[in-house]
Amino acid sequence: MKRMPGGMKVSVKDTDADTLYRTTEIQVGGRRLRTPLKALNLHQYARVPLPVGGTAVNEVFRAVNVKHLGKAMTDMDAHTSLLNPIRLGTDAGRAHDAVSVVLLELDEITLDADKIAYVENMAYMGDIVAVPMVDALHRAADPKKAFRDYVNFAKRFIDEVHKLNHKPILGTMPPLPWLLTRDLADAYMDAGVDGFLFDFAGRTPSAAESSGLRHLLKRLKEEDKLESTLFYAVNANAGRAAAKPLGPGMVSAKDILSFGFNVDVLGLKHIGLRGPKEMYDKLEANGPIVRLFDRSAYAYRDAVPADAPALLPTDTRVPLRLFDHQESWDRGRAIANMEQHAREAEHLRTVIREHRVRKYLGGKKALESSDMDLFLDARRDLKRGQTSLGKSDWGL
């Protein structure tokens, strides 16, 4: 994996004195992004006005069954079927002059050279190329072996990208302890990646931060690369019950807190709810519910679809008719939450520029004091530059 020049420029514009919130300007292919930024699924935004101005990040996700690749490589119908969802997503990005990121999730990584090249061509359909994620890597029977296999795959994938060498690359960090992932991080830096994609795998940002993200930030600071690197996060836990009850149908929002741990772009969540059968039975018995992000409180509120419009601000651009029919409930929820996240990310740029993050977050009803403590501790720890490993870094 040779070190190659990337096609992205990251410049830090403002930083908060107490936390790791920051604003950056990112230049990609002649377009400029301002962060914090919420990634959007622009294919879902067909005929719906975008929530904020400026250049958007368009996130295109595709789960790939590796066993189907062989047929897709030799059969045109199978090839079209596999690539068409990606093409529809990137076409939506071009229609809005957005920067598209294609995120692939493979179900295995034992690929020969031809299949790696094929997967790379799929990822290359975006403006930014991300090393594919692997489903359930962190739940493998032998995580150390699975991770060694992933490191080898990532190196081969980036070598394939370097053959074309004119698009930015995101090195994907799987949800594993830093004791394992630090060698991968060093390999990515040696390869000259432009940024890192964090797969939170359904964890809260604070859990992901303590088990690996914080150490990566220190490592980049040691190499003087922290301010020139993009940080992108996906699959963050949306919300969970707060230590102090907030009220019926209301939980503390966690995904939006990613920005407090040096994350520039908050991506989408592509994994479903996991739990015992009893949990699913209870959800089914309760009937259809949509969960919507409340910017004013940093909470998620549950509502039956018919009542969802009452939870949205009066200036929403979400077509309220989406909550009238069962087949469009999920799209309505997704667009509403992307809109509110995007507007909050945009507002945070002003808050960061005015150096009032701590005061601003202090007014959020559902923000837990433990989250604020973590923000402050992460900033102090990065400033100290400690590099010792704790229990969480060993997966304990």
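The structure this text deals with has already been given above.
Each chain carries its own residue numbering, running from 1 in the direction its sequence is written. Local features in this predicted model are restricted to residues of pLDDT 70 or higher, and side-chain atom pairs are both shown and tallied only at a pLDDT of 80 or more, whereas totals for entire chains, interfaces and linings draw on every residue. The side-chain figures draw on all heavy atoms in the structure; neither hydrogens nor water molecules are used.

### Observations concerning the pattern of salt bridges
No. 1: The term salt bridge refers to a side-chain nitrogen of Lys or Arg lying within 4 Å of a carboxyl oxygen of Asp or Glu. Applying the stated rule across the entire model yields 25 salt bridges.
No. 2: Taking the shortest distance from any N to any O, the salt bridge between K145 and D149 comes out at 3.0 Å. You can see K145 and its partner D149 sitting in helix α4 (residues 143-162), four residues apart, about one turn around the helix.
No. 3: We classify K145 as partly exposed; its relative accessible area is 41%.
No. 4: A 1.4 Å probe rolled over the protein chains alone gives each residue an accessible area, and that area as a share of the maximum for its type sets the label: buried under 20%, exposed over 50%, partly exposed in between. Residue D149 is classed as partly exposed on the basis of its relative accessible area of 28%.
No. 5: We note a salt bridge from R291 to D302, for which the minimum N-O separation is 2.7 Å. Of this pair, R291 sits in strand β15 (residues 290-294) while D302 is found in strand β16 (residues 299-303), placing the two residues eleven residues apart along the sequence.
No. 6: Classification of D302 by relative accessible area gives partly exposed; the value is 30%.
No. 7: Linked through salt bridges whose partners overlap, the residues forming this network are R214, K218, D377, D381 and R384. Starting at the N terminus, helices and strands are each numbered in turn, a helix being any DSSP run of H or I of at least four residues and a strand any DSSP run of E of at least two.

### Observations regarding the sheet that holds strand β12 (residues 239-240)
Paired through their backbone hydrogen bonds, the strands of a sheet run either parallel or antiparallel.
No. 1: Spatially, β12-β13-β16-β15 is the arrangement adopted by the four strands of the open sheet, whose pairing is antiparallel. Looking at the sheet topology across the chains shown, the edges are occupied by β12 and β15.
No. 2: Sheet analysis places β12 next to strand β13 (residues 250-253), joined by two bridges and oriented antiparallel. Its bridge partner being in β13, G239 is matched across the sheet by A253.
No. 3: This element, helix α8 (residues 329-353), spans β15 and β16 of the sheet and lies at about 10° to β15. One bridge is not enough; two strands pair if DSSP finds at least two bridges between them. Here, residues are in contact when the closest pair of their heavy atoms is within 4.5 Å. Lines fitted to C-alpha atoms define the axes, with helix axes restricted to the stretch in contact, and inter-axis angles between N-to-C directions lie between 0 and 180 degrees.

### Quick look at the sheet that holds strand β3 (residues 31-34)
No. 1: Pairing within the open sheet is antiparallel, and its three strands lie in the order β1-β2-β3. Only two strands of the sheet have a single partner each, and these edge strands are β1 (8-15) and β3. Each adjacent strand pair in this sheet contributes to an overall mean axis angle of 15°, direction not counted.

### Some details on the side chain of N337
No. 1: Here N337 is to be found in helix α8.
No. 2: Owing to a relative accessible area of 8%, N337 belongs among the buried residues under this scheme.
No. 3: Sequence-distant contacts of N337, defined by excluding residues within four places in its chain, comprise R291, L292, F293 and Y300.

### Notes on empty space enclosed by the protein
No. 1: Put simply, the grid is 1 Å and covers the protein atoms alone, a cavity is a trapped set of points that fit a 1.4 Å probe, a pocket is an open set with protein on both sides within 12 Å along at least five of seven lines, and lining residues have an atom within 4 Å of a point. Grid points are joined across faces, edges and corners, and a volume is the space filled by probe spheres set on the points. For the structure shown, the criterion picks out four cavities of 30 Å³ or more.
No. 2: Here the largest cavity defines a volume of roughly 110 Å³.
No. 3: Broken down by secondary-structure element, the contributors of at least two residues to the lining of the largest cavity are α5 (178-191), β10 (195-199) and α6 (205-222).
No. 4: Ranked by residue count, the leading element in the lining of the largest cavity is α6, at five residues.
No. 5: Residue classes in the lining of the largest cavity are distributed as ten nonpolar, three polar and two charged. Only Asp, Glu, Lys and Arg are considered charged, only Ala, Val, Leu, Ile, Met, Phe, Trp, Tyr, Cys and Pro nonpolar, and every remaining residue, Gly among them, polar.

### Some remarks on the packing of helix α3 (residues 113-123) against α4
No. 1: Axis separation between α3 and α4 bottoms out at 9 Å; the angle between their running directions is 65°. When the axes of α3 and α4 are compared, the crossing they make is right-handed. When α3 is examined against α4, the residues A113, I116, A117, V119, E120 and A123 are found in contact with a partner set consisting of F153, R156, F157, E160 and V161.
No. 2: Of the residues belonging to the contact of α3 with α4, the class tally is eight nonpolar, no polar and three charged. The handedness criterion is simple: a crossing whose near helix is rotated anticlockwise from the far helix by less than a right angle is left-handed, and one whose near helix is rotated clockwise is right-handed.

### Notes on the environment of G89
No. 1: Take G89: it is sitting in helix α2 (residues 76-95).
No. 2: Separated by 13 residues in sequence, G89 and V102 place their C-alpha atoms 8.7 Å apart.
No. 3: Setting aside chain neighbours within four positions, we find G89 in contact with H43, N58 and V60.

### Here's the deal with the nonpolar core
No. 1: One finds Y188 and F196 to be the most contacted residues of the largest nonpolar core, which totals 82 residues.
No. 2: Among the elements that make up this core, the one with the highest residue count is α4 (nine residues).
No. 3: Buried residues of nine kinds, namely Ala, Val, Leu, Ile, Met, Phe, Trp, Tyr and Cys, make up a nonpolar core once their side-chain atoms join them within 4.5 Å. By size, the runner-up hydrophobic cluster in this structure holds 22 residues, among which are A56, A308, A334 and I335.

### Observations concerning the environment of T181
No. 1: Turning to its location among the elements, T181 is positioned in helix α5.
No. 2: Note: C-alpha distance between T181 and K225 (44 residues apart in sequence) is 18 Å.
No. 3: Apart from residues no more than four positions distant in its own chain, T181 is found in contact with F147, M173, P174 and L176.

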